[in-house]
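Architecture and fold: a report
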Protein chains: 2
Amino acid sequence: MQFDRNALEALESRYRAALINSVSGYKPANLIGTANAAGATNLAVMSSVVHLGSHPPLLAMVVRPGGDERHTLANLLASGEYSINHINQSIYRQAHQTAARYPADQSEFDATGLSCQWLDGFSAPLVAEAEVKMAMQLRQHMPLEINGTHLVIGEIVTLLLPDAALRSDGSLNLPAADSVALSGLDEYLCGESLARLSYAKPGQPLQELASDE
Amino acid sequence: MQFDRNALEALESRYRAALINSVSGYKPANLIGTANAAGATNLAVMSSVVHLGSHPPLLAMVVRPGGDERHTLANLLASGEYSINHINQSIYRQAHQTAARYPADQSEFDATGLSCQWLDGFSAPLVAEAEVKMAMQLRQHMPLEINGTHLVIGEIVTLLLPDAALRSDGSLNLPAADSVALSGLDEYLCGESLARLSYAKPGQPLQELASDE
């Protein structure tokens, strides 16, 4: 199947949204936790977190100012703090349900039965049921004029993860952490490792690394 | 295991890179194809493609100006065109090998045995062996001062995908397209669908959608 620009433009809007949201490939499935100045909590599923750099440890994410991401953006801009929590197989249905349009005064934690976890000196809630989770401090915020989305860049100030998923070289075993991926708007997937491959060098064959190293 | 900011700062640099590159979760595994003005081709594995919007169809990616992504960035800024190609199970070893530091005059296509696919009127090569692939026109380029990376925003002008992976609602079945995910710096994974979930509404239970719809 081939779609050129005119064909993409002519697609029915929900079909196009399902298609274009799929074509970037596997996406990380995360819950973003925030709180407003009064302490009211908010939780939103997002699939746009991307690695920006490891020193300092920076992650970026794309936030849409409309819909249920509106409160997330307002809260993190006001407080300068948010949490990123990996969605796992035990909570992906509750995580998906956070996308429903609840009234502003109803917390998605209460509505979906997920639990807040608070860290000393940090104003945003983490998700107690998540295994991999991070407290983030806002470092930069850039509205993207091209389509009205916002790029949010934050630094990891606390990182929590299960011992069993941390390999000796520092890499995280995502299936061992039970983390899941998102595809498109509504599909949750688990992962199975094919291989870890050695650092590539010209003219040298790749070695397969032990995946449980 | 818990790492605070000081603990992250104190980590050995390769350990920290392995850890921080893992914590965003599952990443899309893509090959970026470009050519310079003389027609010399370049191919680089990248895991930072992120959905920006579906109308117009925009994808962003984070490019590091050092190392093997240097030529990719120079080529796409000069030509305004690049391709995004899903890595699949048949080519992930060759894809990983493109990260080796080949001399500027050696194409990663030739070095790894992957084949160029050319579209009429489009100057950047696509990967013939990829099943899901896109011709992209550069729309915006933003250097990110916070750590010297670059945000590249492009519009999908041609989209190619296998009929068998396209569902009736427009969503893409990534395992059916054989697309793979990346974790950290070196691990390739395939995905298995857990469920597709219905659009979330307050007070309504989620329905499971047929995954082969």
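Residues numbered from 1 in each chain as written. Chains lettered and ligands numbered in written order. Predicted model: local features only at pLDDT ≥ 70, side-chain atom pairs only at ≥ 80, totals over all residues. Heavy atoms only, no water.

**Some words on the interface of chain B and chain A**
Facing 99 residues of chain B, the contacting portion of chain A comprises 99 residues. Together, the buried faces of chain B and chain A total about 9,000 Å²; carbon and sulfur atoms form 60% of this surface. Considering only the side of chain B, the residues that lose the most area to chain A are Tyr26(B), His51(B) and Leu194(B), jointly responsible for 9% of the buried surface there. Our count for the contact surface shared by chain B and chain A stands at 8 salt bridges. With a shortest N-O distance of 3.3 Å, Glu155(B) and Arg5(A) are connected by a salt bridge. Taken together, the connections running from chain B to chain A amount to 54 residue pairs in polar contact (both at pLDDT 80 or more). The greatest single-element share of the side of chain B that touches chain A, amounting to 11 residues, is contributed by strand β13 (residues 187–197) of chain B. (Contact = heavy atoms within 4.5 Å. Buried area = accessible area lost by both parts, 1.4 Å probe. Salt bridge = Lys/Arg side-chain N within 4 Å of Asp/Glu carboxyl O. Polar contact = N/O pair within 3.5 Å; in protein donor to acceptor, adjacent residues only side chain to side chain. Helix = DSSP H or I, 4+ residues; strand = E, 2+ residues; numbered from the N terminus.)

**As for the environment of Leu172(B)**
Residue position: Leu172(B) is located in the loop between β11 (149–160) and β12 (181–183). Taking relative accessible area as the criterion, Leu172(B) reaches 0% and is therefore assigned buried. Taking C-alpha positions, Leu172(B) is 9.4 Å from Pro162(B), a pair spaced 10 residues apart along the chain. Leaving out residues up to four positions away in the same chain, Leu172(B) has contacts with Ser22(A), Val23(A), Ser183(A), Glu187(A), His86(B), Val132(B), Leu161(B), Ala165(B), Leu166(B) and Arg167(B). (Buried < 20%, exposed > 50% of the residue type's maximum accessible area, 1.4 Å probe, protein only.)

**Quick notes on helix α3 (residues 70–79) of chain A**
Residue and element names in this part refer to chain A. Along α3, the positions that sit buried rather than exposed are Thr72, Leu73, Asn75 and Leu76. Packed against the buried residues of α3 are β3 (30–35), β4 (41–46), β6 (57–63), β7 (81–86), β10 (133–144) and β11 (149–160). Trailing α3 by a residue or two, Gly80 shows a phi angle of about 75°, which is positive.

**Description of the relation of the copies chain B and chain A**
Screw-axis analysis of chain B against chain A gives a translation of 0.0 Å along the axis, an RMSD of 0.0 Å, and a rotation angle of 180°. In the structure described here, the two chain copies are related by an operation that fits a two-fold rotation axis. Measuring from the rotation axis to each C-alpha of chain B, the shortest distance belongs to Gly191(B), at 2.2 Å. Mapped onto chain A, 100% of the interface residues of chain B again fall at the interface, so both copies present the same surface. (Least-squares fit on C-alpha atoms with pLDDT ≥ 70 in both.)

**Thoughts on the packing of aromatic side chains**
All names here are of chain A. Using the criterion set out here, one finds 2 aromatic pairs over all chains in the structure. With a centroid separation of 5.3 Å and 35° between ring planes, the pair formed by Tyr92 and Tyr188 is classed as tilted. Placement of Tyr92 in helix α4 (residues 92–97) and of Tyr188 in strand β13 (residues 187–197) is noted, with a sequence separation of 96 residues between them. (Phe/Tyr/Trp six-rings, centres within 6.5 Å; stacked < 30°, edge-to-face > 60°.)

**Some details on the pattern of salt bridges**
On inspection of all chains with the given rule, the structure shows 14 salt bridges over all chains. Arg93(B) is the salt-bridge partner of Glu208(A), the closest N and O atoms lying 2.5 Å from each other. Placement of Glu208(A) in strand β14 (residues 208–209) and of Arg93(B) in helix α4 (residues 92–97) is noted, with the two residues assigned to different chains. Residue class for Glu208(A) comes out partly exposed when judged on its relative accessible area of 48%. The structure contains a network of salt bridges with shared partners spanning Arg5(A), Arg139(B) and Glu155(B).

**As for the side chain of Arg196(A)**
All names here are of chain A. With respect to the secondary-structure elements, Arg196 resides in strand β13. Among the residues examined, Arg196 registers a relative accessible area of 0% and is labelled buried. At a separation of 3.4 Å, a polar atom in the side chain of Arg196 contacts the side chain of Ser171.

**Some points on unusual backbone geometry**
Between His55(A) and Pro56(A) the backbone carries a cis peptide bond, its omega angle lying at 5°. Here Pro56(A) shows up in the loop between β5 (50–54) and β6. Positive phi, normally seen in glycine, also occurs at Asp178(B), with a value near 70°. Classification of Asp178(B) as partly exposed rests on a relative accessible area of 23%.

**Describing the pairing of β11(B)**
Regular strands place side chains that alternate from one sheet face to the opposite one. Among the 12 residues of β11(B), 12 are classified as buried, and the element is accordingly described as predominantly covered. Bridge analysis of strand β1 (residues 2–4) of chain A against β11(B) gives 3 bridges, and the strand direction is antiparallel. Note that in β11(B) the partner of Phe3(A) across the bridge is Leu159(B). With 11 bridges connecting them, strand β10 (residues 133–144) of chain B and β11(B) associate as antiparallel partners. (Pairing = 2+ DSSP bridges.)

**Remarks on the confidence of the model for chain A**
Mean pLDDT for chain A: 96, with 99% of residues reaching 70 or above. For this predicted complex, the interface score ipTM comes out at 0.96, alongside a pTM of 0.97. (pLDDT = per-residue confidence, 0-100.)

**Notes on the side chain of Ser171(A)**
Here Ser171(A) lies in the loop between β11 and β12 (181–183). Reaching out from Ser171(A), the side chain makes a polar contact with the side chain of Asp169(A) at a distance of 2.9 Å. Setting aside its immediate chain neighbours within four residues, Ser171(A) contacts Ala165(A), Leu166(A), Arg196(A), Ala18(B), Leu19(B) and Ser22(B).

**Quick look at helix α3 (residues 69–79) of chain B**
Along an α-helix, residues three or four positions apart point the same way, because every turn accommodates 3.6 residues. Residues and elements named next belong to chain B. Every buried residue of α3 is listed here: Glu69, Thr72, Leu73, Asn75 and Leu76. Buried residues in α3 make contact with β3 (30–35), β4 (41–46), β6 (57–63), β7 (81–86), β10 and β11. Immediately downstream of α3, the backbone of Gly80 shows phi near 75°, a positive value.

**Here we look at the environment of Gly39(B)**
On the secondary structure map, Gly39(B) appears in the loop between β3 and β4. When the C-alpha atoms of Gly39(B) and Pro125(B) are compared, they prove to be 9.5 Å apart, with 86 residues separating the residues in sequence.

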